[in-house]
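Read off the chains here:
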Amino acid sequence: MIWKLSFTGIKSRLKDYRVLFSGLVVASMIFYMFLSLAINPSFMSKDVNAPSSYLSFIFGFGIVLLAIITLVYLIYANSFLLSMRQHDYGMFMMLGAKSSRIGLLIFCETLITGVLATILGIIIGFGLTALVAKLLIHNLGLAITHFQVILPNAITWTLVFFILIFFLAALRNVHKLVHSKVIDLLHESQKPIKISNHPVWRSVEAVLGILLLAAGYYVMGWKNVFIVIPVALVTIVLGSYFTFDAFFTAIIDVLLKNKGFAYHGIRIFTLGQLKFRLRDYTRILTVISLLFALALGAITVGLNFNTIKDQVKGSIYYDAEVVSNSSNVQKNVDKLSIKTKHTYHYKETSHDLYFDKAEFKKNPVKNVRFELKNNLPTYKNETLNTGQISNPGTHANSSFGELVPNGIPKKIHLLPTKEAKNIKGQSKFVTFLSVNNFDKDYPVLLKIEKKQMQENPSLTDTLSGTKPLAYQTMLGLTSGFEFMGFFLGLAFLTMLASTLMFKVLSGAASDKMRYQMLYKIGAREKVLRHSISSEIGTLFVLPGILGIVDVLFGLRMFKLLLPHPYAGLWIPFTIFIILYFFYYVLTVKLYERIVLARK
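Only a predicted model underlies this, so the values are computations on that prediction, with no experimental measurement involved.

A.B. asks: Explain the packing of aromatic side chains to me, using residue names and the numbers behind them.
C.D. replies: For the structure on display, the rule yields 19 aromatic pairs. Between Tyr317 and Tyr318, the aromatic rings sit 5.0 Å apart at their centres with planes inclined by 80 degrees, giving edge-to-face as the arrangement. For Tyr318, a relative accessible area of 6% corresponds to the buried category. Here the aromatic rings of Phe360 and Phe400 are separated by 5.3 Å at their centres, their planes lie at 75 degrees, and the arrangement is edge-to-face.

What follows is the structure, encoded as structure tokens:
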């Protein structure tokens, strides 16, 4: 009977539950998407070329962070569920229903909603995970080939986590409602909320908030990460909290004192609502601004790993090295759009390499020299000094030795043409190629180097340093982290926007009376809708702006790792604006439907 009543209760308020249910589906879907990425064995071992201990730390931290965010999200979603049903439960108890039976009813409704949402979220998560993975891999040109969409372990852990959370939430709901007075349940939305007001402390808090944020942003420019992270964490967290708690409310106080502005339309009501909201939402707005910064930072940094791939291309001068004249290799060479092709012939003995000096005078060997400028890596093209190539210990000798098979252990000699021909040894050659478009010819260039290593495994040490193979190694590393940053950042943004939505909606029932009174005294519905849009828009915009500012300053910490940390900022910002605007519009519409409903 209780289960039947639970389903009947859910069905009777299906419109409201649809909102809650969709939000819970998003939460479980995102949680599954993250786990399918974090514990995907083939993806981790084959697509992400990084130490396992390093990845374990990253994903261990990520899973804990996601669990905390999900928990916060579910707390506000559960508050929304409770606010919808507490009046009904109060009516049941007033009509004589036993508190134990009501408690069981609450428990069943909460658990049913959570389990159904989790199962549906996982199912939708399969399709969305596959779609997002496909879009990211295709549009970003990532080398991801071992990503599995359906993982039994991810399904199991998602179910366990959400069922446990909803079980605890159900117990909490039971405890709260069963131990509440009937009158409190019936009139919970009408109870006043006390907010302390100390003008002097608020002024100090507002100034302190700005100063702490400025200090945190300044520290982010330092190079010692072990000092930057803890200092920035403390200053920015406290600064954000004080800014929301006092600085923004101080701005509203200034606007309220400006009668020309405040008494236009119902702005004074809207400003009063905002002042109350900011005081009441200080903690959640602080958390959302910080986590939005982390999410945007994850997307931005992840996408900027792409610049490391370009850096590899610029760190090696020649696009390919050919030392084999086999038909398979030459067929692939013929497919290239060659820009330059320089061949150097030599004789190899047990301890020496003898080159024809005339070929070097005709086509000097090029190289890329690594330098540090302002602690940032730079690469400069250079021409090796031909006269020093045969002098051991010189830069030209060591640089050229790295390009030639056996060039490091053996001594290099540059001889006149006649002398070089008279040397008795094994005749060999090395050809350096440059193509018109490396990205276009990269697959063929890679095939050339791999075929040469298959023909002669002893060439592995030399050819593994060529541009195609170095680019392939970096492509695997950067593609994996680029994929993870984009994927996780998008997941965090979605969940955090949903959290703010449910925080606003959880208080909609208590706001209904205020809007009904305004409507009864003559306020037009159009004016009320404009007030709602402005109020909720401010609540969405403020943490968004602060999160963006955090990202802009925080990216300075990655200058030593990424050559251009601010490249491609428009991509994460565009995603942020579109996603945020979608949740803003959805929140406004749902809020209007609750507070402007006519009896």
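Continuing now.
A.B. asks: An account of unusual backbone geometry is requested, with residue identities and associated values reported.
C.D. replies: Within the chain, Asn406 stands out as a residue other than glycine whose phi angle is a positive 65 degrees. Topologically, Asn406 is positioned in the loop between helix 16 (395-403) and strand 6 (411-415). Residue Asn406 is classed as partly exposed on the basis of its relative accessible area of 34%.

A.B. asks: Run through the side chain of Asn367, naming residues and quoting values.
C.D. replies: Relative to the helices and strands, Asn367 resides in strand 4 (residues 366-373). Relative accessible area serves as the criterion here: at 14%, Asn367 is assigned to the buried category. Ignoring anything within four residues of it in the chain, the contact list for Asn367 reads Tyr317, Lys380, Asn381, Glu382, Leu384, His395 and Ser399.

A.B. asks: Go over the packing of helix 12 (residues 282-304) against helix 22 (residues 525-554) with me, naming the residues and quoting the values.
C.D. replies: For the pair helix 12 and helix 22, interaxial distance at closest approach is 8 Å and the crossing angle is 45 degrees. Put simply, helix 12 runs oblique to helix 22. Of the two possible hands of crossing, helix 12 and helix 22 adopt the one that is right-handed. Residue-level contacts link Leu285, Ile288, Ser289, Leu290, Ala293, Leu296 and Gly297 of helix 12 to Leu539, Pro543, Leu546, Gly547, Ile548, Asp550 and Val551 of helix 22. Across the contact of helix 12 with helix 22, the residue classes tally to 10 nonpolar, three polar and one charged.

A.B. asks: Before we move on, could you go through the side chain of His342 and cite the residues and values that matter?
C.D. replies: With respect to the element layout, His342 can be found in strand 2 (residues 338-348). Not counting chain neighbours up to four residues away, the residues in contact with His342 comprise Tyr318, Asn363, Val430, Thr431 and Phe432.

A.B. asks: Please provide a residue-by-residue account of the pairing of strand 3 (residues 352-356), values included.
C.D. replies: Counting buried residues in strand 3 gives five out of five residues, a clear majority hidden from the surface. Across three bridges, strand 2 lies against strand 3 in antiparallel orientation. Of the residues in strand 3, the one forming a bridge with Lys347 is Tyr354. Remark: three residues form the turn of the hairpin made by strand 2 and strand 3, two consecutive strands paired antiparallel.

A.B. asks: So what's going on with the environment of Gly547? Residues and values would help.
C.D. replies: If you trace the backbone, Gly547 turns up in helix 22. With relative accessibility at 0%, the residue Gly547 sits in the buried group. As for Gly547 and Ala295, which are separated by 252 residues in sequence, their C-alpha atoms are 9.2 Å apart.

A.B. asks: Any chance you could break down the sheet that holds strand 6 for me, citing the residues and the numbers?
C.D. replies: Pairing is mixed in the open sheet, where five strands are placed in the order 1-7-2-3-6. Whereas interior strands pair on both sides, the edge strands pair on one side only; in this sheet they are strand 1 (320-322) and strand 6. On average, each strand axis in the sheet is inclined to that of its neighbour by 30 degrees, with strand direction left out of account. Where strand 2 and strand 7 (residues 426-435) come together, 10 bridges link them in antiparallel fashion. By the bridge assignment, Glu348 is partnered in strand 7 with Gln426. Against the sheet, helix 18 (residues 438-455) engages strand 1 and strand 7, with an angle of about 35 degrees to strand 1.

A.B. asks: Any chance you could break down the pattern of salt bridges for me, citing the residues and the numbers?
C.D. replies: Scanning the model with the defined rule gives seven salt bridges in all. Close ionic contact of Lys410 with Glu348 constitutes a salt bridge, the shortest N to O distance being 2.6 Å. Remark: Glu348 occurs in strand 2 and Lys410 occurs in the loop between helix 16 and strand 6; sequence separation between them is 62 residues. In this structure, Lys410 and Glu348 share a single accessibility class: buried. Between Arg369 and Glu382 there is a salt bridge, and its shortest N-O distance comes to 3.6 Å. Within this pair, whereas Arg369 is found in strand 4, its partner Glu382 is found in strand 5 (residues 376-383), the two being separated by 13 residues in sequence. A relative accessible area of 37% places Arg369 in the partly exposed class. Residue Glu382 is classed as buried on the basis of its relative accessible area, which comes to 18%. Through salt bridges with shared partners, a single network forms among Glu348, Lys410 and Lys428.

A.B. asks: Account for helix 8 (residues 199-219), naming residues and giving values.
C.D. replies: Taking 1.5 Å of rise per residue, the 21 residues of helix 8 would be expected to cover 30 Å, and the 30 Å separating its terminal C-alpha atoms lies within 8% of that figure. Looking only at helix 8, the buried set comprises Arg202, Glu205, Ala206, Gly209, Leu212, Leu213, Gly216, Tyr217 and Val219. Buried positions in helix 8, seen along its axis, are confined to an arc of 165 degrees and lie on one side of it. The outward face of helix 8, more than 90 degrees from its buried face, is lined by the exposed residues Val200, Leu211 and Tyr218.

Reading guide: rules and limits
Residues numbered from 1 in each chain as written. Predicted model: local features only at pLDDT ≥ 70, side-chain atom pairs only at ≥ 80, totals over all residues. Heavy atoms only, no water. Phe/Tyr/Trp six-rings, centres within 6.5 Å; stacked < 30°, edge-to-face > 60°. Buried < 20%, exposed > 50% of the residue type's maximum accessible area, 1.4 Å probe, protein only. Helix = DSSP H or I, 4+ residues; strand = E, 2+ residues; numbered from the N terminus. Contact = heavy atoms within 4.5 Å. Axes fitted to C-alpha atoms, helices over the stretch in contact; angles between N-to-C directions. Parallel < 35°, antiparallel > 145°, perpendicular 65-115°, else oblique. Left-handed = near helix turned anticlockwise from the far one by under 90°. Nonpolar A, V, L, I, M, F, W, Y, C, P; charged D, E, K, R; others polar. Pairing = 2+ DSSP bridges. Salt bridge = Lys/Arg side-chain N within 4 Å of Asp/Glu carboxyl O. Expected span 1.5 Å × (residues − 1). Arc of directions from axis to C-beta.

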